[in-house]
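In case you want the letters, here they are:
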Amino acid sequence: MSLRLGDDAPNFKAQTTIGDIDFYDYIQGSWAVLYSHPSDFTPVCTTELGRTAQLKSEFEKRNVKVLALSVDGVQDHLEWVKDINETQNTTVDFPIIADEDRHVAGLYDMIHPNASTTFTVRSVFVIGPDRKIKLTLTYPASTGRNFYEILRVIDSLQLTAEYSVATPADWKDGEDVIVVPAIKTEDIPAKFPKGFTEIKPYLRVTPQPNK
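Residues numbered from 1 in each chain as written. Predicted model: local features only at pLDDT ≥ 70, side-chain atom pairs only at ≥ 80, totals over all residues. Heavy atoms only, no water.

## Let's talk about the domain arrangement of the protein
It is common to give the size of an interface as the accessible area that goes away when the parts come together.
Here is step 1 of the chain: Here the protein is partitioned into domain 1 (7-146) and domain 2 (163-206).
Here is step 2 of the chain: Using only C-alpha atoms to locate each centre, domain 1 and domain 2 end up separated by 35 Å. (Domains from an automatic or database assignment.)

See below:
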């Protein structure tokens, strides 16, 4: 059965390019992005791993640990990393999981039988410090993932976990947010002292509270 938002992210032990890890131990107290690749030495995924490495400081300042997964072995991963570093002008130092027996792919329902009975689909999971799944995305093989969108969603998830707000369409960090309907209009000033605008009784916006 597919994992759903709010489900516990399954734990696993695995060999990776940085050594053996226990997933829960590795992400303890952090947010996490776990994303999969159909195999090593694939062109689109080479650019994706490179972009992730280039954005290392952006993930770190959000307290996010990134883990990639491919069904090939650690030695192939290490050789692939050399190509990624060379072609993308970066240094990949986050773990790439070796999932040769498809154990992790099975736990996270990453196998796509409509495309292949063995290759993983290109999935993304954002997991909170509570080890629950906060976001899932699945991309076709032909379309590279947008890591700025993943960072944007993490900004929204972290903000809305702390405050009674939601983020509107195309929201970016620093822009106005929506006060959730559960907050009565008369209670907004006490909770959001920066002020608010009532566009409709159900649509009230306020400056981002943690800025």
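## Points about the packing of helix α2 (residues 43-54) against helix α4 (residues 74-88)
Here is step 1 of the chain: α4 packs onto α2 with a crossing angle of 70 degrees between their chain directions and a minimal axis gap of 9 Å. With respect to α4, the axis of α2 lies roughly perpendicular. Only Trp 80, Ile 84, Thr 87 and Gln 88 of α4 make contact with α2, whose side of the interface consists of Cys 45, Thr 46, Thr 47, Leu 49, Gly 50 and Gln 54.
Here is step 2 of the chain: Residues belonging to the contact of α2 with α4 are distributed by class as follows: four nonpolar, six polar and no charged. (Axes fitted to C-alpha atoms, helices over the stretch in contact; angles between N-to-C directions. Helix = DSSP H or I, 4+ residues; strand = E, 2+ residues; numbered from the N terminus. Parallel < 35°, antiparallel > 145°, perpendicular 65-115°, else oblique. Contact = heavy atoms within 4.5 Å. Nonpolar A, V, L, I, M, F, W, Y, C, P; charged D, E, K, R; others polar.)

## Re the sheet that holds strand β7 (residues 133-139)
Here is step 1 of the chain: Strands sit in the order β2-β1-β5-β4-β3-β6-β7 across an open sheet of seven strands; the sheet is mixed. Unpaired on one side and paired on the other, β2 (19-22) and β7 mark the two borders of the sheet. Each strand axis lies, on average, 30 degrees off the axis of its neighbour in the sheet, ignoring direction.
Here is step 2 of the chain: Alignment of strand β3 (residues 31-37) against strand β4 (residues 64-70), held across seven bridges, turns out to be parallel. Bridge pairing links Leu 34 to Leu 67 in β4.
Here is step 3 of the chain: Packed on one face of the sheet, α2 meets β3, β4, β5 (96-98) and β6 (122-127) and runs near 160 degrees to β3. (Pairing = 2+ DSSP bridges.)

## Brief notes about the sheet that holds strand β8 (residues 165-166)
Here is step 1 of the chain: Read across the sheet, four strands follow the order β8-β9-β11-β10 without closing on themselves; strand pairing throughout is antiparallel. At either end of the open sheet lies a strand with only one pairing partner, and these are β8 and β10 (197-200).
Here is step 2 of the chain: As paired strands, β10 and strand β11 (residues 203-206) are joined by three bridges and run antiparallel to one another. The residue bridging Lys 200 from the neighbouring strand is Leu 203, located in β11.

## Observations concerning helix α6 (residues 147-162)
Since there are 3.6 residues in each turn of an α-helix, residues three or four apart along the chain are aligned in direction.
Here is step 1 of the chain: When the terminal C-alpha atoms of α6 are compared, their 23 Å separation across 16 residues agrees well with the 22 Å that a helix rising 1.5 Å per residue should span.
Here is step 2 of the chain: Taken as a whole, α6 has its buried residues at Phe 147, Ile 150, Leu 151, Val 153, Ile 154, Asp 155, Ser 156, Leu 157 and Leu 159.
Here is step 3 of the chain: For α6, the N-terminal capping position is held by Asn 146, with its side-chain oxygen 3.0 Å away from the main-chain nitrogen of Tyr 148. (Expected span 1.5 Å × (residues − 1). Buried < 20%, exposed > 50% of the residue type's maximum accessible area, 1.4 Å probe, protein only. Polar contact = N/O pair within 3.5 Å; in protein donor to acceptor, adjacent residues only side chain to side chain.)

## A word on the UniProt feature "active site" (unreviewed entry) in the protein
Here is step 1 of the chain: The sites that carry the UniProt feature "active site" (unreviewed entry) are, in the present numbering, Cys 45.
Here is step 2 of the chain: Within the secondary structure layout, Cys 45 lies in helix α2.
Here is step 3 of the chain: Sequence-distant contacts of Cys 45, defined by excluding residues within four places in its chain, comprise His 37, Pro 38, Trp 80, Arg 122 and Arg 145. (UniProt positions renumbered as here; feature names shortened; annotations may be inferred.)

## Overview of the environment of Ala 98
Here is step 1 of the chain: Mapped onto the elements, Ala 98 comes out in strand β5.
Here is step 2 of the chain: What makes Ala 98 buried here is its relative accessible area of 12%.
Here is step 3 of the chain: Here the alpha-carbon distance between Ala 98 and Asp 40, two residues 58 residues apart in the chain, equals 10 Å.
Here is step 4 of the chain: Excluding its chain neighbours within four sequence positions, the residues that come into contact with Ala 98 are Gln 15, Ser 70, Asp 72, Gly 73, Val 74 and His 77.

## Concerning the pairing of β2
Here is step 1 of the chain: Bridge count between strand β1 (residues 13-16) and β2: four bridges; the pairing is antiparallel. Following the sheet pairing, Lys 13 is matched in β2 by Asp 22.
Here is step 2 of the chain: With antiparallel pairing between neighbouring strands as the criterion, β1 and β2 make up a hairpin whose turn holds two residues.

## Here we look at the packing of aromatic side chains
Think of a pair of aromatic rings as described by two things: how far the centres are apart, and how the planes are tilted against each other in angle.
Here is step 1 of the chain: All told, the structure shown has six aromatic pairs when counted by the stated rule.
Here is step 2 of the chain: The interplanar angle of 85 degrees and the centroid separation of 6.2 Å between the aromatic rings of Phe 12 and Tyr 108 together place this pair among those described as edge-to-face. Highlighted residues: Phe 12 in the segment before β1 and Tyr 108 in the loop between α5 (103-107) and β6, separated in sequence by 96 residues. Tyr 108 matches Phe 12 in its accessibility class, with the two residues each being buried.
Here is step 3 of the chain: For the pair Phe 41 and Trp 80, a centre-to-centre distance of 6.4 Å together with 45 degrees between the ring planes defines the contact as tilted. Highlighted residues: Phe 41 in the loop between β3 and α2 and Trp 80 in helix α4, separated in sequence by 39 residues.
Here is step 4 of the chain: For Trp 80, a relative accessible area of 0% puts it in the buried group.
Here is step 5 of the chain: In textbook terms, an aromatic cluster arises when at least three aromatic residues are bridged by ring pairs, as seen for Phe 12, Phe 23, Tyr 24, Tyr 108 and Phe 125.
Here is step 6 of the chain: Here the basic side chain of Lys 65 rests over the ring of Tyr 26, its NZ or CZ set 4.8 Å away from the ring centre. (Phe/Tyr/Trp six-rings, centres within 6.5 Å; stacked < 30°, edge-to-face > 60°. Lys NZ or Arg CZ within 6 Å of the ring centre and 35° of its normal.)

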